[in-house]
Amino acid sequence: MITHLTGKLAEKHPPQITIDVNGIGYELEVSMQTFYQLPNIGDSLHIYTQLIVREDAHLLFGFAGKAERATFRQLVKVSGIGAKTALGILSAFSADELAAAIAQEDIKRLSAAPGIGKKTAERMILELRGKLAPTSGEATGLFAPAVTPDASEDIISTLLALGYNEREARAATKGIPADTDVGEGVRLALKNLMK
């Protein structure tokens, strides 16, 4: 099994990246949470991996930390959740956010993840309760909004209405001054998304 890779980031096209390890290119799929943490192309990178073998393909998934990989491994054990859906869930939630939503039995919040309906959210709670532990700050605050709660939530809601997912919207609001009004905040967030 391939548990981690260290090499240079050769390409990044969400959700796929390519890592050059001594002349061999490994293509991985990553969550958007991991994607936002990637260095520039050509820079060194160490990433944790999970290999999934199917009848028609061998798929390699990459994670910024061990906690995200451990959460992925638990998610794919849930009936009805495959590797792609698990990656989508980890794009919508950090490992800590998912653990909290499971512990609080927050069906509505879990159902907001791509590919997750009410029944799958209920199954996740049933099968993952007590199995996901907080990560002791491995990715704490990574996507915490930097603006006041009211303006921030309005900006995020607008970005969601424009078709961005919650992870992208929260990342885009980072660094926006707290006293920014909603219209200006959306403009700045869109500018951040274009970088």
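In what follows, the structure referred to is the one given above.
Calculation criteria
- Residues numbered from 1 in each chain as written.
- Predicted model: local features only at pLDDT ≥ 70, side-chain atom pairs only at ≥ 80, totals over all residues.
- Heavy atoms only, no water.
- Helix = DSSP H or I, 4+ residues; strand = E, 2+ residues; numbered from the N terminus.
- Buried < 20%, exposed > 50% of the residue type's maximum accessible area, 1.4 Å probe, protein only.
- Areas by Shrake-Rupley, 256 points an atom, 1.4 Å probe, with all protein chains shown as cover.
- Phe/Tyr/Trp six-rings, centres within 6.5 Å; stacked < 30°, edge-to-face > 60°.

Caption draft 1: Broad picture of the overall build of the protein. Across its full length, the protein holds nine helices and five strands. Secondary structure of the protein in N-to-C order comes out as β-β-β-α-β-β-α-α-α-α-α-α-α-α. Looking at the protein as a whole, 41% of its 195 residues are labelled buried. Counting only carbon and sulfur atoms, one obtains 52% of the accessible surface of the protein, whose full area is about 10,300 Å².

Caption draft 2: Quick peek at the packing of aromatic side chains. Under the definition given, this model contains two aromatic pairs. Consider the rings of F61 and F72, whose centres lie 5.2 Å apart with planes at 35°: the pair is tilted. Placement of F61 in strand β5 (residues 58-63) and of F72 in helix α2 (residues 66-75) is noted, with a sequence separation of 11 residues between them. Geometrically, the ring pair formed by F63 and F72 is tilted, given 4.9 Å between the ring centres and 50° between the ring planes. Taken as a pair, F63 and F72 share a single burial class, namely buried. These aromatic residues form a ring-pair network of at least three members: F61, F63 and F72.

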